[in-house]
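# Architecture at a glance
Each chain, letter by letter, is given below.
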Amino acid sequence: YPYFVDDVTRTLLGDHALDGALGPAGSAARRRAVFEGGLSVTTTLRPDDQRLAHVGYYLIDEGLPQLEAITDYVPTIRERVYRAVVSHALPAYFVSILLLLLAVLGALIGALPPAGAGAVLAVVLVALVPASEIAVNAVNQLVTWVMPPRIVPKLDMREYEIPPEYRTAIVVPTLFASTDAVREALEHLEIQYLANRDQRLHFALLSDFTDAPAETLPTDDAIVAAAVDGIRALNERYAGGADDVFYLFHRPRQWNERQRVWMGWERKRGKLGQFNAFLRGRAPDAFATIVGDVATLREARFVITLDSDTVLPHDAAQILVGALAHPLNRPVFDESRRVVSRGYAILQPRVGVSLTSAHRSRFAAIHSGHPGVDPYTTAVSDVYQDLFGEGSYTGKGIYDVDAFERSLDGRFPENRILSHDLLEGCYARAGLLSDVELYEEYPSRYSADVSRRYRWIRGDWQIARWLLPRVPMAGGGRYKNSLSW
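Residues numbered from 1 in each chain as written. Predicted model: local features only at pLDDT ≥ 70, side-chain atom pairs only at ≥ 80, totals over all residues. Heavy atoms only, no water.

Applying the stated criterion across every chain yields a total of 20 aromatic pairs. Summarising the aromatic geometry, the rings of tyrosine 57 and tyrosine 58 are spaced 5.1 Å apart at their centres and angled 85° between planes, so their arrangement reads as edge-to-face. For the pair tyrosine 57 and tyrosine 58, one class covers both residues: buried. Residues phenylalanine 363 and tyrosine 446 carry aromatic rings whose centres are separated by 6.2 Å and whose planes lie at 80° to one another, so their mutual orientation is edge-to-face. Of this pair, phenylalanine 363 sits in helix H15 (residues 362-367) while tyrosine 446 sits in helix H19 (residues 446-463), placing them 83 residues apart in sequence. Look at phenylalanine 363 and you get buried, because its relative accessible area is 16%. (Phe/Tyr/Trp six-rings, centres within 6.5 Å; stacked < 30°, edge-to-face > 60°. Buried < 20%, exposed > 50% of the residue type's maximum accessible area, 1.4 Å probe, protein only. Helix = DSSP H or I, 4+ residues; strand = E, 2+ residues; numbered from the N terminus.)

Quick look at the confidence of the model for the protein now. The pLDDT averaged across the protein works out to 87; a share of 88% of its residues lies at or above 70. Counting interchain partners and residues more than four positions distant, the pLDDT-below-50 stretch residues 1-45 has 70 contacts. (pLDDT = per-residue confidence, 0-100. Contact = heavy atoms within 4.5 Å.)

Time to look at the sheet that holds strand S10 (residues 346-353). Note on sheets: strands pair through backbone hydrogen bonds, and any given pair is parallel or antiparallel. The strand order S6-S3-S2-S1-S7-S11-S10-S12 describes an open sheet built from eight strands, whose pairing is mixed. The outermost strands of the open sheet, each flanked by one partner alone, are strand S6 (289-291) and strand S12 (430-440). Averaged over all adjacent pairs, the angle separating strand axes in this sheet is 20°, with direction ignored. Along the sheet, helix H10 (residues 220-238) makes contact with strand S1 (168-176), strand S2 (201-209), strand S3 (246-250) and S6, crossing S3 at roughly 160°. (Pairing = 2+ DSSP bridges. Axes fitted to C-alpha atoms, helices over the stretch in contact; angles between N-to-C directions.)

Turning our eyes to something else, we now look at the pattern of salt bridges. For the structure on display, the rule yields 26 salt bridges. With its nearest N and O atoms 2.9 Å apart, the salt bridge here joins glutamate 190 to arginine 237. A residue pair is termed long-range when its members are at least 10 positions apart, and glutamate 190 in helix H9 (residues 179-195) and arginine 237 in helix H10 qualify at 47 residues. You can call arginine 237 exposed: its relative accessible area is 51%. The salt bridge partner of aspartate 208 is arginine 251, with a shortest N-O separation of 2.7 Å. Here aspartate 208 is found in strand S2, whereas its partner arginine 251 is found in the loop between S3 and strand S4 (254-256), with 43 residues between them in sequence. Assessed through its relative accessible area of 2%, arginine 251 is described here as buried. (Salt bridge = Lys/Arg side-chain N within 4 Å of Asp/Glu carboxyl O.)

With that out of the way, let us pick up helix H18 (residues 420-428). Counting buried residues in H18 gives seven out of nine residues, a clear majority hidden from the surface. Along H18, the residues classified as buried are His420, Asp421, Leu423, Glu424, Gly425, Tyr427 and Ala428.

With that out of the way, let us pick up the side chain of asparagine 235. Checked against the element boundaries, asparagine 235 lands in helix H10. Residue asparagine 235 is classed as buried on the basis of its relative accessible area of 3%. Among the polar contacts made by the side chain of asparagine 235, one reaches the main-chain amide nitrogen of phenylalanine 246 at a distance of 2.9 Å. If sequence neighbours within four positions are ignored, asparagine 235 has contacts with Gly240, Gly241, Ala242, Asp243, Asp244, Val245 and Phe246. (Polar contact = N/O pair within 3.5 Å; in protein donor to acceptor, adjacent residues only side chain to side chain.)

Right, dumping it as structure tokens:
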């Protein structure tokens, strides 16, 4: 896959292209030095960083100024403005919001009849929140109009098998309330497999029982038996009797003193965290029931996590693996801040509404927007990715197991974080794949939509403390906040 530095000079600045690339300003000695000596790399990255050995580093990444310098390229005015905005993204974003907010408030005050300072202040306080909402939405819309979509580079693994070093587990964290729920989960897992076949893709259910007043219920044994038999049947059908395609990882209930109930430890976050630890030889007792050849699965480098209603379209898994495996996207860990500072440990596709769920009820038809597959859309603009180079992780995507665990080790206190996905994307640095789309169901009832939004709002209030200089940590206490502004 990769081109190396000397290949860059031969490909871009070979004998047939040297005169045209360097132009008349380039002396013969300089052209010869460029061709024979390769590109001169001056960077603060680690010497062993593989990005420096990839041609894309000099075409679309931080090495582009070096290539422009040796080819005497003069950026256009539009390119200079774009680079200035990107290099000063945070002040440009907030200053734009502030100016527009002041303009909205100024227009409102100007429209008022003559009044005293107290009345004006009261109007400003009342209008501050809606005016800020207008300013934020307007600036976000302006960014998506002006900024071109920032496309994440990828290796094309659709035409070839995924290499052994990029073995990937596709997992679906789920709850088993009955044998019918087990049957639905198995059918969903089978569909994802049929759309994304590769000998280095493995499919697993990470399951819990539903919350209960006791550690075990009379129906538990039948539920586990149905899951075990179903996974074995899928392996028999598609793996020729082997047990290295479909897996089951089922956890027992644990007593939660705070919620006064028997439940799976830390719910979805706990399942994924214990699964990651299990892949690396830790947490041997986290799962009470395991089906499948775990020796093969422990070689997995990446994990694709889906919700129980998320659809992974044809070849989407191969695209996700190819994106995270690209040298320009590989995570670089900052030891001092203990966060991923370059590249990405998580890549989040955009999520659309499935066509079937959009027409399941009148409520869904009204609120779901434009569902289904749009074959003419390849990429969309996103404020966070296009302006800041980072996306917002919503719990459905692909992550690098080692970088993910390293950046989140000891971060979160128990029973305190509901919207853990957003924080995980900040610590492990998430990127948005705007040209890759997953599909999920839209709530068919107003009550279901309200319940979902209630969880989101509750989770947002929980993580609001991560705006402070010091934030909670696992085991109690606080530490210096290492998140970027």
